[in-house]
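# Descriptive analysis of the structure
Each chain is listed here by its residues.
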Amino acid sequence: MTTTAADSASIPGPGQDTSGTASTGTAPEPVDENVWLEDIYGEEQLAWVREQNSRTEDLLVDAEYAGLEDSILEVLDSTDRIAMVGKRGDWYYNFWKDRQNPKGLWRRTTWESYCTDSPEWDVLLDVDALSAEEGREWVFHGATFLRPVAGEPYRLALLALSPDGGDANRYREFDVEARGFVDPAQGGFDLPTAKGNVSWLDADTLLVASTADGLPKTASSYARTAVTLKRGEALSGAPLLFEVPEHHMMAAVAHDSTPGFERTFAVDYIDFFNRTNFLLRDGSWVAIDVPTDVNVSAHRDWLLFRPQQDWTPDGTTYPAGSLLAADFEDYLAGNRAIKVLFTPDSATSLQSWSWTRNFLLLNLLKDVSSEIRVLDPSRPDATASGGSDWESTVLDACPPLHDVNAYAVDDEDEAPADGGAGDDFWLVATGFTTPTTLMRGTLERGRPTEDAAQNDAAQDGAGTSGVVSRHAVVKTSPSFFADSDYEVEQHFAVSDDGTRVPYFQIAPRGLALDGQNPTQLSGYGGFEVSRTPAYSGTVGRAWLERRTTLSGGSDGKAPHSRGGVYVVANIRGGGEYGPAWHRAALKENRHRAYEDFAAVARDLISRGVTSPRRLGCVGGSNGGLLVGNMLTRYPELFRAVSCGVPLLDMRRYTRLSAGHSWIAEYGDPDVPGEWEYIRTFSPYHLLKDAVEYPETFIWTATSDDRVGPVQARKMAARMLAMGIPNVWFHEALEGGHAGASDNRQAAALQARSQHFLWKALAG
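What comes next concerns the included structure. Just so it is clear, the structure is predicted and the values come from calculations on it, not from any experiment.

Right, let's get into the state of the cysteines. Taken as a whole, this structure holds 0 disulfides when the rule is applied. Between cysteine 617, a free cysteine, and cysteine 643, which holds the nearest cysteine sulfur, the sulfur-to-sulfur gap is 8.6 Å.

So, in structure tokens, the structure goes:
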């Protein structure tokens, strides 16, 4: 593993009490007249969906809509956008979708060709052709290569293909040299569609955690067991390798095939933020001795730790969000000699890290702007002057109010001195008005300074110039709107408890602060996910560059029209300031995330950027729950709400799709004491008569197997039954939790949301 997110788990995020009695120990359930809509694929239910879709399309598909959707699709299908690549052996792999290839092409090229304006791509798999041939709407979800024997090229890979864009995948073995799937009749691996994960153990063996073929599920709908699958054997008969309790979230297995460091790991995900990591040693699982809320990753000789809460392993307390290291074998043997690699402060948090052959790259946020540090394990820093026990160098690559991420090109390649790319790294830089730029660089140890070279006593890199970085631009995305006409500002609102909450404002230069600007406020605030600056041609075209109808001047002013203002709020519950920022809005403190978002809305209004008549909000998944609470708790602040693939029924969310896995974030509504606070942020139960609600657009996807479509359905149905005006619902019949599986669907989804908000706010 070369790149690790701060939370390294690859887990998919995101009436009266008349029944039940307190004596059962389960919280009572409010009356729910819309339970019938929970049958996702029922004929009557889908008929209701189609009726609502037709009604909503009649509203939104007007003279402007088609042009807006085409404009967004032009951005998504642009052949000038950067084709991001991943290196395997001598090849650079890419997955590409455009107008001619809506389901996409999996392809590869050489580095020399990639650096040209028109690379020559070797197409390995045409997903559109595969879908037509097999009669399935396949969605490509990635490839996992088998490490070849030394000196041989990468050839075999497991391709993850979803039949509908959901989280469940079918894994099929693919031969990149033959450009085809390995026939199961000839022993090729072909695993049935299911949720889970797969890892190569060797050329003829897979480690599989799956819910297919009758293998057990957890209460969260994920794999409960892992098996060892030999080539030619049936999954249902494969021997058990690893198992977790049913009430835990899921089981995962992985084999690290790094030469000289071959290891097999398993993880018991207890819940979204707690896990136990195991190493297979001499045929038995050995638990890595850390608290369950300490994230663990391994790289060659090193174990890395990132605690979610303060951790005191050996008399020394390390704060939440720090990054620590220990020698792998020494730690397993009981030695607790721990090195500090990063310590957070009130403004700075660790977002991810990535190993090259000889260095460690840290991707940080400082007040939601990027900073990158390079650590050198071979040069201890006795003074820890950079906050690290390893020599630390700040990479000069991060302009203010931008998001820049560094990660290894191929940490298993040879070092540059040996002609390899082992210490090469990618830099991906973006900003709200800065199109994405891809750079590639090389890290080298700086030479000792003259004083150090003359000092015989100099040791451990003392007096050196740190790590030297050379990087250059490889590709740049085009501009999709007149980005130089807009400026990015960062402001801080003050929440109810006095906490300063940052937000980004993207607006036309010379913005009139008279409260008349149509403003779209976006947020998330959950699962330690950070909302960072990012270029979006869609937002630029569909919001910033749109104009209101020409208004007559007053007080001698000339007639004018307005463009849109786009705002991103960095509220608690997210990861912008590390685990503490996230934990501040967990469970009974969930209200803080909503108070933060409302504080940003009020700040925009008080500064004259907008007014309740011109302010709308948008969010998806956990962000859908966020804006659902704006709808029901702060209706006076907003004119319109766009609520996508949302959680809304917090009494039954644990019984719907993968909802049980999020109890650690929100709480368990079946527990009476926890339902008492959960009910205060359950929008489905907060609707009231005689309230003037904002115009509301709720959108989802039938094939979303993460949150599922039923909470969106039920919220819309209840609001319509209450006679609340201007409530609209749309459900895409495919697309998974993203709501879209190809660019045309994505353009339509974005166009509906953006056009709804514009019609409501700009009229």
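Where empty space is left can be seen by rolling a probe of water-molecule size over the atoms. Computed from the structure, the second largest pocket encloses a volume of approximately 1,300 Å³. Among the secondary structure elements, those contributing two or more residues to the lining of the second largest pocket are helix 2 (65-77), strand 35 (519-522), helix 7 (537-544), strand 36 (565-569), strand 37 (615-620) and helix 15 (743-762). Looking at which element gives the most residues to the lining of the second largest pocket, the answer is helix 15, with 6 residues.

Another aspect to go through is the packing of helix 2 against helix 15. Taken N-terminus to C-terminus, the directions of helix 2 and helix 15 make an angle of 135°; their axes are 8 Å apart at the nearest point. Judged by the angle between their axes, helix 2 and helix 15 are oblique. Considering the relative orientation of helix 2 and helix 15, their crossing is right-handed. Contacts between helix 2 and helix 15 involve Tyr65, Leu68, Glu69, Asp70, Ile72, Leu73, Leu76 and Asp77 from the first element and Asn743, Arg744, Ala746, Ala747, Ala748, Gln750, Ala751, Arg752 and His755 from the second. Counted by class, the contact of helix 2 with helix 15 contains 9 nonpolar, 3 polar and 5 charged residues.

Here the largest cavity is characterised by a volume of approximately 50 Å³. Residue lining of the largest cavity: Phe432, Phe481, Ile506, Ala534, Ser536, Val539, Gly540, Leu544 and Tyr566, and that is the complete set. In terms of residue count, the dominant contributor to the lining of the largest cavity is helix 7 (3 residues). Looking at side-chain class alone, the lining of the largest cavity contains 7 nonpolar, 2 polar and no charged residues.

Within the fold, lysine 195 resides in the loop between strand 12 (190-194) and strand 13 (196-202). Notably, lysine 195 is buried but unbridged: the nearest opposite-charge side chain belongs to aspartate 705, and the N-O separation is 4.8 Å. Polar side-chain contacts of lysine 195 include one of 3.0 Å to the side chain of serine 221. With sequence-adjacent residues up to four places away left out, lysine 195 is seen in contact with Asp167, Ala168, Ala209, Ser210, Thr211, Ser221, Tyr222, Ala223, Ala658 and Asp705.

Spatially, 4 strands are ordered 21-22-23-24 in an open sheet, and the strand pairing comes out antiparallel. Each edge of the open sheet is held by one strand with a lone partner, namely strand 21 (294-299) and strand 24 (339-342). Across the sheet, the mean angle separating the axes of adjacent strands is 30° when strand polarity is ignored.

This part covers unusual backbone geometry. Non-glycine residue aspartate 367 carries a positive phi angle of around 50°. The topology assignment puts aspartate 367 in the loop between strand 26 (360-366) and strand 27 (369-380). Look at aspartate 367 and you get partly exposed, because its relative accessible area is 27%.

Moving on: the environment of leucine 687. Topologically, leucine 687 is positioned in the loop between helix 13 (683-686) and strand 39 (695-701). Look at leucine 687 and you get buried, because its relative accessible area is 12%. Expressed as a C-alpha distance, the spacing of leucine 687 and arginine 633, which sit 54 residues apart in the sequence, is 8.9 Å. Leave out the neighbours within four places in its chain, and leucine 687 touches Thr632, Tyr693, Met715, Arg718, Met719, Met722 and Ile724.

The subject of this paragraph is the packing of aromatic side chains. The tally for this structure, following the rule as stated, stands at 35 aromatic pairs. Geometrically, the ring pair formed by phenylalanine 273 and phenylalanine 527 is tilted, given 6.3 Å between the ring centres and 35° between the ring planes. Here phenylalanine 273 is found in the loop between strand 18 (263-269) and strand 19 (275-281), whereas its partner phenylalanine 527 is found in the loop between strand 35 and helix 7, with 254 residues between them in sequence. Both residues of the pair, phenylalanine 273 and phenylalanine 527, count as buried. Both rings, one in phenylalanine 432 and one in phenylalanine 504, keep their centres 5.3 Å apart while their planes meet at 55°; by these two values the pair is tilted. One end of the pair, phenylalanine 432, is in the loop between strand 30 (424-431) and strand 31 (434-445); the other, phenylalanine 504, is in strand 34 (residues 500-508), with 72 residues separating them in the sequence. Taking relative accessible area as the criterion, phenylalanine 432 reaches 7% and is therefore assigned buried. Linked through ring pairs, Tyr93, Phe95, Trp106, Phe140, Phe145, Tyr154, Phe174 and Phe181 together constitute an aromatic cluster. Above the plane of the ring of tyrosine 684 lies arginine 718, whose end atom (NZ or CZ) is 3.8 Å from the centre.

Most of helix 7 is tucked away: 7 of the 8 residues are buried. The complete set of buried residues in helix 7 reads Gly537, Thr538, Val539, Gly540, Ala542, Trp543 and Leu544. In the core, the buried residues of helix 7 are packed alongside helix 2, strand 33 (486-494), strand 34, strand 35, strand 36 and helix 15.

Moving on, we come to the nonpolar core. In this structure, Leu521, Phe597, Val600, Phe638, Trp662 and Tyr666 are the most contacted members of the largest nonpolar core, which totals 73 residues. Top contributing element to this core by residue count: helix 9 (residues 591-606), with 8 residues. Counting 30 residues, the second largest nonpolar core, distinct from the first, contains Phe480, Leu544, Leu749 and Ala762.

About the thresholds
Residues numbered from 1 in each chain as written. Predicted model: local features only at pLDDT ≥ 70, side-chain atom pairs only at ≥ 80, totals over all residues. Heavy atoms only, no water. Disulfide = S-S within 2.5 Å. 1 Å grid on protein atoms, 1.4 Å probe; cavity = no way out; pocket = protein on both sides within 12 Å on 5 of 7 lines; lining within 4 Å. Points joined across faces, edges and corners; volume = space filled by probe spheres on them. Helix = DSSP H or I, 4+ residues; strand = E, 2+ residues; numbered from the N terminus. Axes fitted to C-alpha atoms, helices over the stretch in contact; angles between N-to-C directions. Parallel < 35°, antiparallel > 145°, perpendicular 65-115°, else oblique. Left-handed = near helix turned anticlockwise from the far one by under 90°. Contact = heavy atoms within 4.5 Å. Nonpolar A, V, L, I, M, F, W, Y, C, P; charged D, E, K, R; others polar. Buried < 20%, exposed > 50% of the residue type's maximum accessible area, 1.4 Å probe, protein only. Lys, Arg positive; Asp, Glu negative; His and termini not counted. Salt bridge = Lys/Arg side-chain N within 4 Å of Asp/Glu carboxyl O. Polar contact = N/O pair within 3.5 Å; in protein donor to acceptor, adjacent residues only side chain to side chain. Pairing = 2+ DSSP bridges. Phe/Tyr/Trp six-rings, centres within 6.5 Å; stacked < 30°, edge-to-face > 60°. Lys NZ or Arg CZ within 6 Å of the ring centre and 35° of its normal. Core = buried A, V, L, I, M, F, W, Y, C linked by side-chain atoms within 4.5 Å.

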